[in-house]
Amino acid sequence: MKRKSKDWFRRIFYPEALSRYIFRPGTLFFLVAFVFIPASLYAQNSRDDIQHRTSDEFGERLHFAAGAEMTLVGLSYGPRFEFLYDISSQRSGQMLRLAPGILYGPEFIYVPVALGYRNYFLNHGDIFQLFWGAGVEYQGRYITDGESAHQGMIYIEDGALLSLTPGFALSIHFGVDWAVLGPPGPGVITRVMLQW
Amino acid sequence: MLSFRLAGVVVCLLIIFAGLLWSHSPGLLDPDHPFHVDDAAISRALYGEFQTGEEVFIVELTFKEDFALPFELFVPHRNELKGHRPAYAIVGNNLPVPSIAQLAALPKLLPIGAGAYVDLNEINPRPVFYESFTRRFFYSSGVTAYVLPKGSYEFWLWSPQKTSGKFGIGFGVEERVEWRDALNNWGFYAY
C-alpha cells in the first residue's frame, strides 16, 4: 500500500505534476522563443546604419568543428562534430549550432544530436574567445538486448576558444543538460574540439 | 543584450529544475556491517560490490505496520557482468518456509522459527532497464512485491556462483532524495 505524503511541499512538486504543468509547457515555450532569436537578430542587423559584412558567401558563414567528448553522467567517450553557421551580418559571433556525435560507453552506444545557439564574446585580438550557448538535444542510448533509451534535453554550455592558426582553433567546452522529454535527469559533459 | 538575457533565463530554468530531483535515496552496502533502514517505505537504491564472490550483504528493516514492499536486484549492463547473478532472501518470522532447493542455496542457516522469500535471480531472458539520473542500463532480477507483516526482517544478498562485480537493490515506494548522499559517493553509483 502506498502512503500519501502529508507534506504539502512534496505533494505540489510531485513528479507527474511537474512533468505535466512545468516541464512540457516550459519546453514548448523554450522552443518557440528560440525560433524568434534569429528573426530578432536579423531585424536588428538590417538597419541601414550598421556596417554589414563585405561578403555573404555561405562558405564564409559556415564553420566546422570536430573533437572528442566525454559524458560524465552516463559514462561514454567518442567523436563529436559541430556545424556552426554565422547568422549575424556583423560577424558578432552569433551562431546556429548543429552537432551530431557517436560515443561508446561500457553499457550502451550513445548518439546525440544537438540544435542550438552559440554566442562568442570577449574577443581578445581574435586569439582568445569565450562563448556560451544553449539549445535542445536528442540523446539516444542504444543497447542490443533490451529497450533503448531516448531523451529530449535542454542544454546550456560555455567554454573558451584559442586560435592556433588563422584557420584553426582549439576549444574546450563544459555543459549541463536536463531531460524534458522522456525519462528525467541531469547530465554533465566535457568536450575538446578542433575548429576551422 | 538579448543573448545575455536569454542565458539568464536558461540558467534560472536549469537551477530550478535541478533542485527538484526525485529518485531513490542512495546508500552503500558493506559486507562487514549490516545496513539498517529506518523507514523502509522510503524508496531506496543501495549499492555494493562483490570483491571475492564470498561476501554476504545484510540489510535490516523494521515495519511498524503490514506493508507491500516492491523489491528489485540489479547489476550494471556490461559484458563482463553477464554471468553475475546475485541472489537475495527476505528473512523473518511469519514468512513461508523455503523449498529444499532454496534452503540449500542460502548462504547461512535460517534463524529458528524464521521463514524466507528467496529469489535466486534465474530469470531468462534477463530484463534490462534504464536509470535516468545516472543514465545507466542495468540487468534486473525483475520487480517483485512482497507482502510483509509488521515486524523486523533481514535482506540477505549473496553471489551463488561466487562471481564478483557491482550490484544494486531498489525497494520502497515513497520518493525522497538526499543530495549529500548522492554526491558523496557519486563515483560508485555512476560508473
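Shown above is the structure to which this text applies.
A quick note: this is a predicted structure, and the numbers were derived from the prediction, not measured. (Residues numbered from 1 in each chain as written. Chains lettered and ligands numbered in written order. Predicted model: local features only at pLDDT ≥ 70, side-chain atom pairs only at ≥ 80, totals over all residues. Heavy atoms only, no water.)

With respect to the pattern of salt bridges
Reasoning step 1: Scanning the model with the defined rule gives 12 salt bridges over all chains in all.
Reasoning step 2: The partner of Arg136 of chain B in a salt bridge is Glu107 of chain A, with the nearest N and O atoms 2.7 Å apart. Remark: Glu107 of chain A occurs in the loop between strand S4 (103–104) and strand S5 (109–124) and Arg136 of chain B occurs in strand S9 (residues 136–140); the pair is interchain, linking two chains. Per residue, the accessibility class of Arg136 of chain B equals that of Glu107 of chain A, and both read buried.
Reasoning step 3: A salt bridge links Arg191 of chain A to Glu157 of chain A; its shortest N-O distance comes to 3.3 Å. On the criterion of sequence distance, the pair formed by Arg191 of chain A in strand S9 (residues 186–195) and Glu157 of chain A in strand S7 (residues 149–163) is long-range, its members being 34 residues apart. (Salt bridge = Lys/Arg side-chain N within 4 Å of Asp/Glu carboxyl O. Helix = DSSP H or I, 4+ residues; strand = E, 2+ residues; numbered from the N terminus. Buried < 20%, exposed > 50% of the residue type's maximum accessible area, 1.4 Å probe, protein only.)

Here we look at a nonpolar patch on the surface
Residue and element names in this part refer to chain A.
Reasoning step 1: On the surface, Leu62, Phe81, Phe83, Leu98, Ile102, Tyr104, Ile109, Val113, Leu115, Tyr138 and Tyr142 cluster together into a nonpolar patch covering about 920 Å² of accessible area.
Reasoning step 2: At the level of elements, strand S2 (76–86), S5 and strand S6 (128–142) are the ones that each hand at least two residues to the nonpolar patch.
Reasoning step 3: Take the nonpolar patch: its biggest share by element is 3 residues, from S5.
Reasoning step 4: Accessibility expressed as a relative area gives 45% for Leu115, which makes it partly exposed. (Patch = residues over 30% accessible without salt bridge, like charges linked within 9 Å, V, L, I, M, F, W, Y side chains within 5 Å. Areas by Shrake-Rupley, 256 points an atom, 1.4 Å probe, with all protein chains shown as cover.)

Observations concerning the sheet that holds strand S4 (residues 56–63) of chain B
All names here are of chain B.
Reasoning step 1: Reading across the sheet, the 5 strands line up as S2-S4-S11-S6-S7 and stay open at both edges, with mixed pairing between neighbours. Edge strands, defined here as strands with exactly one partner in the open sheet, are strand S2 (35–37) and strand S7 (115–119). This sheet shows a mean twist of 20 degrees between the axes of neighbouring strands, independent of strand direction.
Reasoning step 2: Here 5 bridges tie strand S6 (residues 87–92) to S7, and the two strands are oriented antiparallel to one another. Opposite Ile90, over in S7, you have Tyr117 as the bridge partner. (Pairing = 2+ DSSP bridges. Axes fitted to C-alpha atoms, helices over the stretch in contact; angles between N-to-C directions.)

Looking at the packing of aromatic side chains
Two numbers describe a pair of aromatic rings. These are the distance of the centres and the angle of the planes.
All names here are of chain A.
Reasoning step 1: Following the criterion strictly, the structure yields 21 aromatic pairs over all chains and no others.
Reasoning step 2: Relative to Phe81, the ring of Phe64 lies with its centre 6.3 Å away and its plane at 15 degrees, an arrangement referred to as stacked. Here Phe81 lies in strand S2 and Phe64 lies in strand S1 (residues 62–71), a separation of 17 residues in the sequence.
Reasoning step 3: The partly exposed category is assigned to Phe64, whose relative accessible area is 23%. (Phe/Tyr/Trp six-rings, centres within 6.5 Å; stacked < 30°, edge-to-face > 60°.)

A look at the side chain of His84 of chain B
Residue and element names in this part refer to chain B.
Reasoning step 1: Note on placement: His84 falls in the loop between strand S5 (67–76) and S6.
Reasoning step 2: Looking at His84, its side chain comes within polar contact range of the side chain of Thr163, at 2.7 Å.
Reasoning step 3: At 3.3 Å, the side chain of His84 forms a polar contact with the backbone oxygen of Gly165. (Polar contact = N/O pair within 3.5 Å; in protein donor to acceptor, adjacent residues only side chain to side chain.)

Notes on the nonpolar core
All names here are of chain B.
Reasoning step 1: Core analysis: the biggest nonpolar cluster contains 28 residues, and Leu29, Val59, Leu157 and Ile169 have the highest contact counts within it.
Reasoning step 2: At the level of secondary structure, the elements contributing two or more residues to this core comprise S2, strand S3 (44–50), S4, S5, S6, strand S10 (144–148), strand S11 (151–158) and strand S12 (165–171).
Reasoning step 3: Considering each element in turn, this core owes the most residues, 5 residues, to S5.
Reasoning step 4: Beyond its immediate sequence surroundings of up to four residues, Leu29 is in contact with Phe35, Leu46, Tyr47, Gly48, Phe57, Val59, Leu157, Phe167 and Ile169.
Reasoning step 5: Judged by nonpolar contacts, the second largest core, of 11 residues, contains Ile58, Ala116, Val118 and Trp156. (Core = buried A, V, L, I, M, F, W, Y, C linked by side-chain atoms within 4.5 Å. Contact = heavy atoms within 4.5 Å.)

Observations regarding the environment of Leu181 of chain A
Residue and element names in this part refer to chain A.
Reasoning step 1: Topologically, Leu181 is positioned in strand S8 (residues 169–181).
Reasoning step 2: Given the relative accessible area of 48%, Leu181 is considered partly exposed.
Reasoning step 3: Between the C-alpha atom of Leu181 and that of Met153, which follows or precedes it by 28 residues, the distance is 6.7 Å.
Reasoning step 4: In this structure, Leu181 is in contact with His150, Gln151 and Gly152, ignoring residues within four places of it in sequence.

A few points about unusual backbone geometry
All names here are of chain B.
Reasoning step 1: The step from Asn124 to Pro125 runs through a cis peptide bond, and the omega angle for that step is -10 degrees.
Reasoning step 2: Within the element layout of this structure, Pro125 appears in the loop between S7 and strand S8 (128–131).
Reasoning step 3: Even without being a glycine, Asn121 presents a positive backbone phi close to 55 degrees.
Reasoning step 4: Along the chain, Asn121 falls in the loop between S7 and S8.
Reasoning step 5: The residue Lys162 is not glycine, and still its phi comes out positive at about 60 degrees.

Focus on the side chain of Arg118 of chain A
Residues and elements named next belong to chain A.
Reasoning step 1: Within the secondary structure layout, Arg118 lies in strand S5.
Reasoning step 2: Within the structure, the side chain of Arg118 is placed 2.9 Å from the side chain of Glu82, a separation counted as a polar contact.
Reasoning step 3: Looking at Arg118, its side chain comes within polar contact range of the side chain of Tyr120, at 3.2 Å.
Reasoning step 4: Ignoring any residue separated from it by four or fewer positions in sequence, one finds Arg118 in contact with Glu82, Leu84, Gly93, Gln94, Met95, Arg97, Phe131, Trp132, Gly133, Glu157, His173 and Arg191.

In short, shape yes, function no, at least from these values alone.
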